[in-house]
Protein chains: 2
Amino acid sequence: MTRRVLITGATGGVGLVLAERLADDYEVIQHGRTPKNPEQEKVLRTADLSSYEEVLALMDGVDTVVHLAGSASPESSWDDVLEANIVGFRNTLEAAREAGVRRFVFASSNHAMGMYDRDEQWPVYPHHLPRADSLYGVSKVFGEALGRFYHDEYGIDFIALRIGWMSENPGETDVDLLHAMWLSPDDTEQVVRRAIEADVTFGLYYAVSDNPNRRWDLTNTMLELGYRPKDSWTEQPGAVVPGGAEAPDDWPKGS
Amino acid sequence: MTRRVLITGATGGVGLVLAERLADDYEVIQHGRTPKNPEQEKVLRTADLSSYEEVLALMDGVDTVVHLAGSASPESSWDDVLEANIVGFRNTLEAAREAGVRRFVFASSNHAMGMYDRDEQWPVYPHHLPRADSLYGVSKVFGEALGRFYHDEYGIDFIALRIGWMSENPGETDVDLLHAMWLSPDDTEQVVRRAIEADVTFGLYYAVSDNPNRRWDLTNTMLELGYRPKDSWTEQPGAVVPGGAEAPDDWPKGS
C-alpha cells in the first residue's frame, strides 16, 4: 500500500523539493502557511501548529510525518523558537503518536552541535554531546530529546536528520561553513527517502553531501540508512575551490 | 566578599535544606511560592518565574543562582513542564545573564538519562547521550542544552547537577532505584557548596551519595568539583539491605 506521507513546512525550500519529488511514490500531504505556487495552493493544508486540534486533524491515515515546519534560522528569537520549535514540534509529535503514525522524520540541524564547529573541534560525531550554537540549535536538541523519549516510551519510529544547507547553487556563496554543510537537492531527496524506508526505528544522523571539507560524520547515515551521497559543492557551477581545481584531492581537513 | 546566592525553589525539600545550611557562609536570597515556616515567610521572595521582569528583579547583586524551582516530578504534565521548566527556566537563566551573575548551578536530574536505567544499561556516564524517561526528564535535557549554549555564547558559568533523591530517611522505601539514587542532606550540602566554589566553569555532574548500588558515574564530580560523598543509604536507620548486612561488600551491581 502506498504510504501516506505528511510533509509539514512544505512551503519552505526543502519542503518544496520533497513535495515534488516524493509525489511519484507516496501519497503526499502538504502542510504549510503560504503556498508558493498555484498547484500548491490547491492542496495545501494550513493548520496552525500551535493548535493541537488543528495538527491532529492532519494525521488521518498518515504513515510517516516528515517534519520540516518551524523557525529555521540560527538568528531566531526565543519567542519564535518557543512557539514553533518547542510547542509546535511537541504538538506535531504528540498528534502523530495519538493518531498511530508509524514513523516521524525530524528535520534537526547541524546547529544542534554548532559550537564544536565554531571551536574547530572536528570531526563532529553523532555520539558527541549536544552543543548548540543558538536558541534555534537548542530547540533542535530539545526536539531530538523529546523524540527519543517518544520512541522509547511509545514505540513510534523517530529518525532525526541533521540537515545541512540545501541550495540549488552552492557557488553563490564563498562561506566555507556553508560549503562544508551543503546538501544537494538530489541528496536531500535520497536521504529523506532512506529515512522513510530504512529498517531502523531510531537514530540521529547527519545529512550533508559528499563535500571534501565536511566535518560531520556520515558513517551511521550510510550504514544504517543506506545513504550514499552523490554530490559535492566543488563540482557545481561557479564553485571556486580554495587552492584551485586540484585542491579537493589533498584536502581532507575542514578549512 | 560574601557571595550573594539566590536559591530559587527554596521552599522545596532540597531548597529548605540548602537555605538553612548555606546561610552561615553566604548571603542567601530565598525564592519560592509558599513559605514553609514563619522564618521563611519573613524573607521569601515570591516572583513568578513565568514573568521575566519579576525574575530579573531577583538578580540584583547576585553572584550565584542555585536554580531548584520548577516542576519536580517525572509525572509532570506537558503544560506544567512547559511553563516551569522550559519558559521559567529560560527566564531565570536569561535574567541571570542580563544581570551579570557569575555562576548558575542548575538542578538537573537522573531522569534526563532515566531510560538507560529502565533498560538496565549501567553504568551511566555523563558523556552518554541524553535519554530521558519522562517529559520532566526531557525538560532537564533542554535545561542542560540551554545552559551549555549560554556558557559558550555569553561566558556565564554553568554547573548542572543531576541530583538524585534527597531524603532524611531512605529506609522509608524499599524501592531499589530510590536507594541507588539517594543523596543525603549532608552530601547535598557538600555537592552544592562545591558547585558554587569549584574552579570549573561548565560541566554535567551526577550528584548521589556513596550508595553501593549506584549506577551513575561520579568520577568527574569528584575530580572536577572535589565532591567526596560521605553517606550511604545502607547505613541509615531502618535500611533493609538485600542479602543482609554483609551484602554491600560483595554487591557491586545495581540490583
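In every chain, residue numbers begin from 1 and rise along the written sequence. Throughout, the order in which chains and ligands are written sets their labels, letters from A for the former and numbers from 1 for the latter. Reporting of local features is limited, given that this is a predicted model, to residues whose pLDDT is at least 70; pairs of side-chain atoms are given and counted only at 80 or more, and all residues count toward the totals for whole chains, interfaces and linings. To obtain the side-chain values, all non-hydrogen atoms of the structure were included, while hydrogens and water were left out.

(A) Highlighting the interface of chain B and chain A. Residues are treated as being in contact if the distance between any of their heavy atoms lies within 4.5 Å. In this complex, chain B contributes 29 residues to the contact, which on the side of chain A involves 29 residues. Note on definitions: buried area is the accessible-area loss of two parts on being combined, 1.4 Å probe, summed for both. For the chain B and chain A pair, buried surface summed over both sides reaches about 2400 Å², with 73% attributable to carbon and sulfur atoms. A carboxyl oxygen of Asp or Glu within 4 Å of a side-chain nitrogen of Lys or Arg is what we treat as a salt bridge. In this structure, the connection of chain B to chain A is made through four salt bridges. Definition of a polar contact: a pair of N or O atoms within 3.5 Å, with one able to donate and the other able to accept a hydrogen when the atoms are protein atoms, and with sequence-neighbouring residues admitted only if both atoms are side-chain atoms. Here chain B is connected to chain A by four residue pairs in polar contact (both at pLDDT 80 or more). The helix count covers DSSP runs of H or I at least four residues long, the strand count covers runs of E at least two residues long, and both are numbered beginning at the N terminus. If you list the elements that add at least two residues to the side of chain B that touches chain A, you get α4 (78-99), α5 (114-118) and α6 (135-154) of chain B. Broken down by element, the residue count for the side of chain B that touches chain A peaks at 11 residues, all from α6 of chain B. Put simply, Ala, Val, Leu, Ile, Met, Phe, Trp, Tyr, Cys and Pro go in the nonpolar bin, Asp, Glu, Lys and Arg in the charged bin, and everything else, Gly too, in the polar bin. Of the residues that constitute the side of chain B that touches chain A, the class distribution is 19 nonpolar, three polar and seven charged.

(B) Summary view of helix α8 (residues 185-197) of chain A. A helix's residues, less one, multiplied by 1.5 Å, set its expected span. For α8 of chain A, which comprises 13 residues, the first-to-last C-alpha distance of 18 Å matches the rise-based estimate of 18 Å (1.5 Å per residue) to within 8%. Restricting attention to buried positions, one finds in α8 of chain A the residues Pro 185, Asp 187, Thr 188, Glu 189, Gln 190, Val 191, Val 192, Ala 195 and Ile 196 of chain A. With a 1.4 Å probe rolled over the protein chains alone, any residue whose accessible area is under 20% of its type maximum counts as buried; one over 50% counts as exposed, and the rest are partly exposed.

(C) Quick peek at the sheet that holds strand β4 (residues 103-109) of chain A. Residue and element names in this part refer to chain A. Reading across the sheet, the six strands line up as β2-β1-β3-β4-β5-β8 and stay open at both edges, with parallel pairing between neighbours. The sheet is open, and its two borders are formed by β2 (27-30) and β8 (202-207), each paired with just one other strand. Across the sheet, the mean angle separating the axes of adjacent strands is 20° when strand polarity is ignored. For two strands to be treated as a pair, DSSP must find at least two bridges joining them. Note on definitions: angles span 0 to 180 degrees between N-to-C directions of axes, and those axes are lines fitted to C-alpha atoms, for helices only across the stretch in contact.

(D) Local environment of the packing of helix α4 (residues 78-99) of chain A against α4 of chain B. At a minimum axis distance of 13 Å, the contact between α4 of chain A and α4 of chain B shows a crossing angle of 155°. Accordingly, the angle class assigned to the pair α4 of chain A and α4 of chain B is roughly antiparallel. Between α4 of chain A and α4 of chain B lies a crossing whose hand is right-handed. Every residue of α4 of chain B that contacts α4 of chain A at Trp 78, Leu 82, Ile 86, Val 87 and Arg 90 of chain A is listed here: Trp 78, Leu 82, Ile 86, Val 87 and Arg 90 of chain B. Of the residues in the contact of α4 of chain A with α4 of chain B, the class split is eight nonpolar, no polar and two charged. In this scheme, roughly parallel covers angles under 35 degrees and roughly antiparallel covers those over 145, while 65 to 115 is roughly perpendicular and the rest are oblique. Two helices that cross are described as forming a left-handed crossing if the nearer one is turned anticlockwise from the farther one by less than a right angle, and a right-handed crossing if clockwise.

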